[in-house]
Amino acid sequence: MQHADLCSLLLHALRYEHWLRFHFMDDPESPETEEGMEAVLHVPDEWLELERQEEPELFPILEELQGNVLSMERSRDAVFRHVAGCLGKHAADSDFEAEMFELVSDPDFRRGLDLFHGWVQELADGEEQVAAVHPSGIPLFSEWERAFRAWAARQAIGRVTTITPYADKPKEERQA
């Protein structure tokens, strides 16, 4: 698999896992622990079947996290196991671990992840919205992805726009 394809596969899986947490993370009914309340992924039954149909390639991530206390490690491991499975590898294989370690430090991967985190922050701050197409008010993951890609495209245009004063200068001045 090409490096860019692996990067896309991992980022897609990370966005799905984040979508699950963003919309379906519940506090358990158990008493608080020393660290505070533990977050549990609870996807309602009607969404389980919908996700099995809508996102069959990503559904194993949901199955692995459903009903469990969430942590950074549990989420990361579920995503890495998913990516390894897509590649016909085992997540605990040292070659796969080395490949993932190399990928997560790659500048292209970091930019893609930072861009996504910027969008999620704007969602959390109410500066962006995703049109919900499901009666529950929660957008399908496909809508979440479309909204992110549209936002990311606008960000790219905005960054180019900030450079235009340089582009507006006569060629002679740019070369000086």
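For the structure, check the block above.
Quick look at the structure, then. (Residues numbered from 1 in each chain as written. Predicted model: local features only at pLDDT ≥ 70, side-chain atom pairs only at ≥ 80, totals over all residues. Heavy atoms only, no water.)

What follows deals with the overall build of the protein. Secondary structure summary: the protein contains nine helices and two strands in total. Each helix (α) and strand (β) of the protein, taken in turn from the N terminus, gives the series α-β-β-α-α-α-α-α-α-α-α. Per-residue burial over the protein gives 34% buried out of 176 residues. Put simply, of all contacts in the protein between residues at least 6 apart along the chain, 60% involve residues at least 24 apart. (Helix = DSSP H or I, 4+ residues; strand = E, 2+ residues; numbered from the N terminus. Buried < 20%, exposed > 50% of the residue type's maximum accessible area, 1.4 Å probe, protein only. Contact = heavy atoms within 4.5 Å.)

Relative to the assigned elements, Ser 75 resides in helix α4 (residues 72-86). Residue Ser 75 is classed as buried on the basis of its relative accessible area of 7%.

Moving on, we get to the packing of aromatic side chains. Per the stated rule, a full pass over the model turns up 13 aromatic pairs. With centroids separated by 5.0 Å and ring planes inclined at 90 degrees, the aromatic side chains of Tyr 16 and Phe 141 adopt a geometry described as edge-to-face. Of the two residues, Tyr 16 is situated in helix α1 (residues 3-24) and Phe 141 in helix α7 (residues 141-161); the sequence distance between them amounts to 125 residues. Relative to Phe 24, the ring of Trp 19 lies with its centre 5.5 Å away and its plane at 80 degrees, an arrangement referred to as edge-to-face. Taken as a pair, Trp 19 and Phe 24 share a single burial class, namely buried. (Phe/Tyr/Trp six-rings, centres within 6.5 Å; stacked < 30°, edge-to-face > 60°.)

With that settled, consider the pattern of salt bridges. For the structure on display, the rule yields 11 salt bridges. Between Arg 52 and Glu 49 there is a salt bridge whose closest N-O contact spans 3.2 Å. A residue pair is termed a helical-turn pair when its members lie 3 or 4 positions apart in one helix, as Arg 52 and Glu 49 do in helix α2 (residues 45-54) at three residues. On the basis of relative accessibility, which here comes to 39%, the residue Arg 52 falls in the partly exposed class. (Salt bridge = Lys/Arg side-chain N within 4 Å of Asp/Glu carboxyl O.)

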